Number of protein chains: 2
Amino acid sequence: MQKYRLFAPGPVPVPEEVSLQMARPIIHHRTKAFEAVVAQVKEDLKWLYQTQKDVITLASSGTGAMESAITNTLNAGDKVIVVDGGKFGERWWKIAQAYGLEVDILKVEWGNPVDPKEVEKKLAQGGYKAVLVQASESSTGTYHPIEELAKLTRNREDCLLIVDAISALGAVNLPFDAWGIDIMVAGSQKALALPPGLAFIALSDKAWKMAESCKTKKFYFDLKREKKNLEQNTTAFTPAITLVIGLAESLKSMKKEGLENLFARHARLAKATQEAMKALGLKLYSKSPVNSLTAACVPEGIDGGKVTKLMESKFNMTIAGGQDAAKGKIFRIAHLGYFDDLDIVTVVAAIEGTLAELGYKFEMGQGVGAAMKVLWGK
Amino acid sequence: MQKYRLFAPGPVPVPEEVSLQMARPIIHHRTKAFEAVVAQVKEDLKWLYQTQKDVITLASSGTGAMESAITNTLNAGDKVIVVDGGKFGERWWKIAQAYGLEVDILKVEWGNPVDPKEVEKKLAQGGYKAVLVQASESSTGTYHPIEELAKLTRNREDCLLIVDAISALGAVNLPFDAWGIDIMVAGSQKALALPPGLAFIALSDKAWKMAESCKTKKFYFDLKREKKNLEQNTTAFTPAITLVIGLAESLKSMKKEGLENLFARHARLAKATQEAMKALGLKLYSKSPVNSLTAACVPEGIDGGKVTKLMESKFNMTIAGGQDAAKGKIFRIAHLGYFDDLDIVTVVAAIEGTLAELGYKFEMGQGVGAAMKVLWGK
């Protein structure tokens, strides 16, 4: 007997009580009962986004919301800066190019955060309509300095800061209004601990103003239409009803935990994992590790692909490997969502067991011990 | 104590065993286990579509797949015929107009099927790139003659038949290959008896050829990218994992029932409901009733809005009312999906109880009796 354990940075485990809520008999979406759910979710998403603006829920993966950020505010030919420090940075410019934007790619070495000065230099040239960036670049486990970037854009009347917070919202502090973020995108299968299928997006006044004059063609992802519907506690098209029911449940438990505790828990689990990796002699891949996940470098002489495969066969556990530039070089462990202290002990123990079997020399238990010291040490 | 009963034409009830499958611990989508699910679903959707072509699954509502049908094959300025006989005909031209197509709206009186001769006359003028139509116009309960329309388009090299089969697939016979349909769109929350959140689309060789030269901008709904991924039993973006797991379960039970039995069941339930309405002295709203749902006219002097409201308060049952042109004039009862004979007896009984309370004079039990004669009479 071996339980299945999921430690990839999304999708993450769904709490049993949320799964059971979603398994209840389906209700129709054009009813008072479902409108009440939408109204509740609307308020709770504002709380999670730390904003007074409406947060729109879409039936799509996070990429759909990323696309909507671009197609609702920007036009073909518009000059934008895309911070590309990994797979998801790449996604921003692929979407932007698909819509004919003039993309200035600010290439950042994988594992590094963007230097705000580089962005500032570019912005000084003028003419940019947006800066597109990840809060958490999950392919490298890196946090980009969103607060500093927002300082560069928030006083420019015609330039938006568009943040992909898919693997960050709920795990790290991203106060939308206070920092002056213009657009922030999130997804259900990360810190919200839901199955994938929902995406979220909020727009600042500046972004809504640009939406007014935006000419890019769209229909399903027309955010103005969704906003009007959301004001009536409904959606333009049939919502993913069961996932929205789960969302209400998930937000309820997040509110119970509280924003500060939520961020502190993610920080603690990340710190414990980081210390465990160091105690095992492994380097962290990121120079600016995000609290959503930890990317660790595979020791010299060991094939990273074997680590994830052996985790699967030996422990029935899914973690993530590296992609593209990091392929075979790293493995990635999630902290975001439904994870607690003992989960970190579990995943570190499995990593130790796996590395030992692959011939890596270390004192068994050292990683787990280091994690436990962070979690419960005095 | 009063159970909640859902009889609206989508979303429809989800079988308990499907809900429980979806409530199982989530698995990661980049795993052999999930790829096996995608491979199975791919084969079973071909069976349901009656096609050799790949059927693509999207994480969106049905409208997303409708949009993708247009944005992947047609260009701004292309002339298309849209059959508009209800709310969903209207949706076709709204999407088409949003993308700058030149739309020739073939207005059909609500409740009527389109006359293929009208389409033929227009096509004879030449220059049309597509005919867009519903198989089941669920706002009126009407079946449009898809086979006849396909005869008009399938030998034209440069004109597609694009069918919205969202509330039809699995309820009525729509053999994609045999009839020569070019694009067919469906959704999860109808005859597939799943929660909303998935949409489906298949393209003929002719449609894929037009996709090759299509210039319309898109990203999330880029079907060529999805097709390439589907060939590897995966998806371009994070799929709605739990819904896809449910889809596998739902298709399994549909295959067990068999296509002929599936269509025969829907036909029998529709016939029973139609006869029940007639026995109560109610007219059918559609001149070409579809087997997915029945739209009945509210008796003279009774406000249709009161029927649906009283069904809710007296029986805790959701049926659908009329929209726009049919507002207050009709109510609509679903047969599509997870409904059996006794469900029809149940909904007809509730309608009788409701009409009686609203002062309509008839012999109580007459509707139910007529339904039972169709279901079990000799």
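Residues numbered from 1 in each chain as written. Chains lettered and ligands numbered in written order. Predicted model: local features only at pLDDT ≥ 70, side-chain atom pairs only at ≥ 80, totals over all residues.

S.K.: When you look at the environment of Thr-71 of chain A in this model, what are you seeing that I'm missing?
M.R.: Residue and element names in this part refer to chain A. Here Thr-71 is to be found in helix α3 (residues 62-71). C-beta crowding within 10 Å serves as the criterion here: with 25 such atoms nearby, Thr-71 is assigned to the buried category. Between the C-alpha atom of Thr-71 and that of Tyr-99, which follows or precedes it by 28 residues, the distance is 7.6 Å. (Helix = DSSP H or I, 4+ residues; strand = E, 2+ residues; numbered from the N terminus. Buried ≥ 20, exposed ≤ 12 C-beta atoms within 10 Å, placed from the backbone.)

S.K.: Help me out: how do you make sense of the relation of the copies chain A and chain B in this one?
M.R.: The second copy of the chain is related to the first by a rotation about an axis and a shift along the axis. When chain A is fitted to chain B, the residual RMSD is 0.0 Å, and the transformation amounts to a turn of 180° plus an axial shift of 0.0 Å. This pairing of chains is accounted for by a two-fold axis. By C-alpha distance to the rotation axis, the residue of chain A lying nearest is Ser-60 of chain A, at 2.4 Å. Of the interface residues in chain A, 100% have counterparts in chain B that sit at the interface too, so the contact is made through matching surfaces. (Least-squares fit on C-alpha atoms with pLDDT ≥ 70 in both. Contact = placed C-beta atoms within 7 Å.)

S.K.: Explain the nonpolar core to me, please; I cannot follow it from the model alone.
M.R.: As a rule of thumb, nonpolar side chains are buried together in soluble globular proteins. Of all hydrophobic cores here, the largest spans 260 residues; its most connected members are Val-185 and Ile-201 of chain A together with Val-185 and Ile-201 of chain B. The contact partners of Val-185 of chain A, leaving out residues within four places of it in the chain, are Gly-62, Ala-65, Met-66, Ala-69, Asp-164, Ala-165, Ile-166, Ala-199, Phe-200 and Ile-201 of chain A. (Core = buried A, V, L, I, M, F, W, Y, C linked by C-beta atoms within 7 Å.)

S.K.: Is there a simple way to explain the interface of chain A and chain B in this structure?
M.R.: Reports often express the size of an interface as the amount of accessible area lost when the parts come together. Across the boundary between the two partners, chain A contributes 42 residues, which contact 42 residues of chain B. Of all the elements in the fold, those that place two or more residues in the side of chain A that touches chain B are α1 (16-22), α3, α4 (87-98) and α10 (241-257) of chain A. If one sorts the elements of the side of chain A that touches chain B by residue count, α3 of chain A sits on top with 4 residues. The class makeup of the residues in the side of chain A that touches chain B is 24 nonpolar, 15 polar and 3 charged. (Nonpolar A, V, L, I, M, F, W, Y, C, P; charged D, E, K, R; others polar.)

S.K.: Could you clarify how one ought to interpret the pairing of strand β11 (residues 293-297) of chain B in this entry?
M.R.: Consecutive side chains along a regular strand alternate between the two faces of the sheet. All names here are of chain B. Among the 5 residues of β11, 4 are classified as buried, and the element is accordingly described as predominantly covered. Here β11 pairs with strand β14 (residues 330-334) via 5 bridges, running antiparallel. Across the sheet, residue Ala-295 finds its bridge partner in β14, namely Arg-332. (Pairing = 2+ DSSP bridges.)

S.K.: Is there a simple way to explain the domain arrangement of chain A in this structure?
M.R.: All names here are of chain A. The domain boundaries assigned to chain A delineate domain 1 (5-10 + 258-376) and domain 2 (16-257). Centre-to-centre separation of domain 1 and domain 2, based on C-alpha positions: 27 Å. At the junction of the two partners, domain 1 supplies 26 residues and domain 2 supplies 25 residues. For the side of domain 1 that touches domain 2, the leading source of residues is helix α11 (residues 259-279), giving 4 residues. Class assignment for the residues of the side of domain 1 that touches domain 2 results in 12 nonpolar, 11 polar and 3 charged. (Domains from an automatic or database assignment.)

S.K.: Which parts of the structure should I look at to understand the sheet that holds strand β2 (residues 55-59) of chain B?
M.R.: Sheet strands line up and pair through hydrogen bonds in the backbone, either parallel or antiparallel. All names here are of chain B. Strands sit in the order β2-β10-β9-β8-β5-β3-β4 across an open sheet of 7 strands; the sheet is mixed. The open sheet is flanked by β2 and β4 (102-107), the only strands paired with a single partner. Each neighbouring strand pair of the sheet contributes to a mean axis angle of 20°, computed without reference to strand direction. Sheet topology note: the strand β5 (residues 128-134)/strand β8 (residues 160-164) ladder contains 5 bridges and is parallel. Across the sheet, residue Val-133 finds its bridge partner in β8, namely Val-163. Most of the contacts of helix α5 (residues 116-124) go to β4, to which it runs at about 150°, and overall it touches β3 (79-84), β4 and β5. Helix α6 (residues 146-153) contacts β5 and β8 of the sheet and is inclined by roughly 160° relative to β8. (Axes fitted to C-alpha atoms, helices over the stretch in contact; angles between N-to-C directions.)

S.K.: Whenever I open this one, the sheet that holds strand β9 (residues 183-187) of chain A confuses me. Can you help?
M.R.: Residue and element names in this part refer to chain A. Taken together, the 7 strands give an open sheet; going across it, the order is β2-β10-β9-β8-β5-β3-β4, and neighbouring strands pair in mixed fashion. Only two strands of the sheet have a single partner each, and these edge strands are β2 (55-59) and β4 (102-107). Direction aside, the axes of adjacent strands within the sheet are offset by 20° on average. Where helix α2 (residues 32-49) meets the sheet, it contacts β2, β9 and β10 (198-203), and its direction lies at approximately 110° from that of β2. Contacting β3 (79-84), β4 and β5 (128-134), helix α5 (residues 116-124) runs over the sheet at an angle of about 150° to β4.

S.K.: Would you explain the pairing of strand β10 (residues 198-203) of chain B in this entry?
M.R.: Residues and elements named next belong to chain B. By the criterion of burial, β10 is predominantly enclosed, with 6 of the 6 residues buried. Side-chain alternation along β10 places Leu-198, Phe-200 and Ala-202 on one buried face and Ala-199, Ile-201 and Leu-203 on a second face that is also buried. With 5 bridges joining them, β2 and β10 adopt antiparallel strand pairing. Within β10, the position partnered with Ala-59 by the bridge is Leu-198. The sheet contact formed by strand β9 (residues 183-187) and β10 spans 5 bridges and is antiparallel. Within the sheet, the bridge partner assigned to Gly-187 lies in β10 and is Ala-199.

S.K.: Before we go on, may I ask you to explain helix α12 (residues 304-315) of chain A in this structure?
M.R.: Side chains of residues three or four places apart in an α-helix project in the same direction, reflecting 3.6 residues per turn. Residue and element names in this part refer to chain A. Here α12 spans 16 Å end to end across 12 residues, near enough to the 16 Å set by a 1.5 Å rise per residue. All buried positions along α12 are accounted for by Val-307, Thr-308, Met-311 and Phe-315. Projected onto a plane normal to the axis of α12, the buried residues spread over an arc of 90° and lie on a single side. Lining the buried residues of α12 we find β12 (317-318), β13 (320-321), β14 (330-334) and α13 (341-357). Backbone geometry just after α12 places Asn-316 at a positive phi near 55°. (Expected span 1.5 Å × (residues − 1). Arc of directions from axis to C-beta.)

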